Amino acid sequence: MKLDLRSLLAEDIRSLPVEFLLPVPDDLLHDPHSPLFDVCFPEPIAVAGSIVNTAGYMRMSLSVSAPYTAHCARCLRPVSDRFSISVQKTVVPAGLLVHESEEDSDDYIIVHDGFLDPDEQILSAFEAEFPAKVLCRDECRGLCPQCGKDLNDGPCNCSDTFPDPRLAPLRELLRKMHDKDNPESGLS
Ligand SMILES: [Zn+2]
Ligand SMILES: [Zn+2]
């Protein structure tokens with residue numbers, strides 16, 4: 001979204017309301033390295049806020065929010081939620097920053113010829129803060145790696161069939177103690 005900041009820069013107005021919808025680009029949803037990979041956004045991202053000019057110092061404050069559906073990374077159950085962040089930037093006219101390193105800084109957003117296009121920085125903040133792993137709840141127990149049972153529904157029987165190899169010495173010790181106390185029930 002190209003925002004016209006000319007009346008704000010001319011100080012005809014002090015505050016410019018910002019409100020628009022920003023679709024999540026397909027390439028983010030299809031990039032396996034993106035946390036947005038395989039997440040479904042049934043609606044575009046809602047962006048709302050303002051840019052305020054206080055004696056030449058311009059600050060953009062936006063709330064950025066979108067509903068999404070995904071699958072829990074542990075138990076694969078469907079998850080529906082809303083993801084919201086706030087994006088704050090200092091708005092600077094092009095050429096006013098002295099050091100090039102400042103132009104690269106995430107804190108700044110540059111106005112070119114009176115116009116500002118915040119889409120790219122909004123999307124990169126949205127992507128950076130989106131959870132790397134969506135969970136149905138923090139304490140989700142996930143699926144048993146042996147039998148695939150959803151352990152949120154209760155324990156499975158795998159612990160008997162597939163003992164934890166780290167516990168093998170303990171099991172052996174318990175078996176020996178048991179044999180010593182009950183010689184008649186020991187292995188012959
Ligand atoms: Zn889960
Ligand atoms: Zn199991």
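Above this text you will find the structure in question.
What counts and what doesn't
Residues numbered from 1 in each chain as written. Chains lettered and ligands numbered in written order. Predicted model: local features only at pLDDT ≥ 70, side-chain atom pairs only at ≥ 80, totals over all residues. Heavy atoms only, no water. Donors = N, O, S within 2.8 Å, 3.2 Å for Na, K, Ca; no water. Helix = DSSP H or I, 4+ residues; strand = E, 2+ residues; numbered from the N terminus. Buried < 20%, exposed > 50% of the residue type's maximum accessible area, 1.4 Å probe, protein only. Tetrahedral: all angles 85-135°; square planar, octahedral: opposite > 155°, others 65-115°. Phe/Tyr/Trp six-rings, centres within 6.5 Å; stacked < 30°, edge-to-face > 60°.

**Student:** Before we move on, could you go through the coordination of the zinc ion (ligand 2) and cite the residues and values that matter?
**Tutor:** Summarising the metal site, the zinc ion (ligand 2) is bound by the protein donors Cys 144 (SG), Cys 147 (SG), Cys 156 (SG) and Cys 158 (SG), whose distances to it range over 2.1 to 2.3 Å. Each donor residue of the zinc ion (ligand 2) lies on the same chain, and together they follow the pattern C-x2-C-x8-C-x1-C. Linking Cys 144 in the loop between helix 4 (119–129) and helix 5 (158–161) with Cys 156 in the loop between helix 4 and helix 5, this pair joins segments that are 12 residues apart in sequence. Cys 144 gets classed as buried once you look at its relative accessible area, which sits at 8%.

**Student:** An account of the coordination of the zinc ion (ligand 1) is requested, with residue identities and associated values reported.
**Tutor:** Note on the zinc ion (ligand 1): its protein donors are Cys 72 (SG), Cys 75 (SG), Cys 136 (SG) and Cys 140 (SG). The metal-donor distances range over 2.2 to 2.3 Å. Considering all 4 donor atoms around the zinc ion (ligand 1), angles at the metal cover 106 to 113° and the coordination shape is tetrahedral. Expressed as a motif, the donor residue spacing for the zinc ion (ligand 1) is C-x2-C-x60-C-x3-C. Taken together, the residues Cys 72 in the loop between strand 4 (57–71) and strand 5 (78–93) and Cys 136 in the loop between helix 4 and helix 5 connect sequence positions 64 residues apart. A residue is classified by how much of its surface remains accessible, and Cys 72, at 1% relative accessible area, is buried.

**Student:** Mind laying out the packing of aromatic side chains, listing which residues take part and the relevant values?
**Tutor:** Evaluated as defined, the whole model comprises 7 aromatic pairs. Here the aromatic rings of Phe 41 and Tyr 68 are separated by 6.4 Å at their centres, their planes lie at 50°, and the arrangement is tilted. Placement of Phe 41 in the loop between helix 2 (26–29) and strand 3 (45–54) and of Tyr 68 in strand 4 is noted, with a sequence separation of 27 residues between them. Taken as a pair, Phe 41 and Tyr 68 share a single burial class, namely buried. Each ring, one from Phe 83 and one from Phe 126, has its centre 5.1 Å from the other, and the planes form 75°; the classification is edge-to-face. With Phe 83 in strand 5 and Phe 126 in helix 4, the pair connects residues that are 43 residues apart, well separated along the chain. Like Phe 126, Phe 83 is buried.

Honestly, it's all geometry; don't read function into it.
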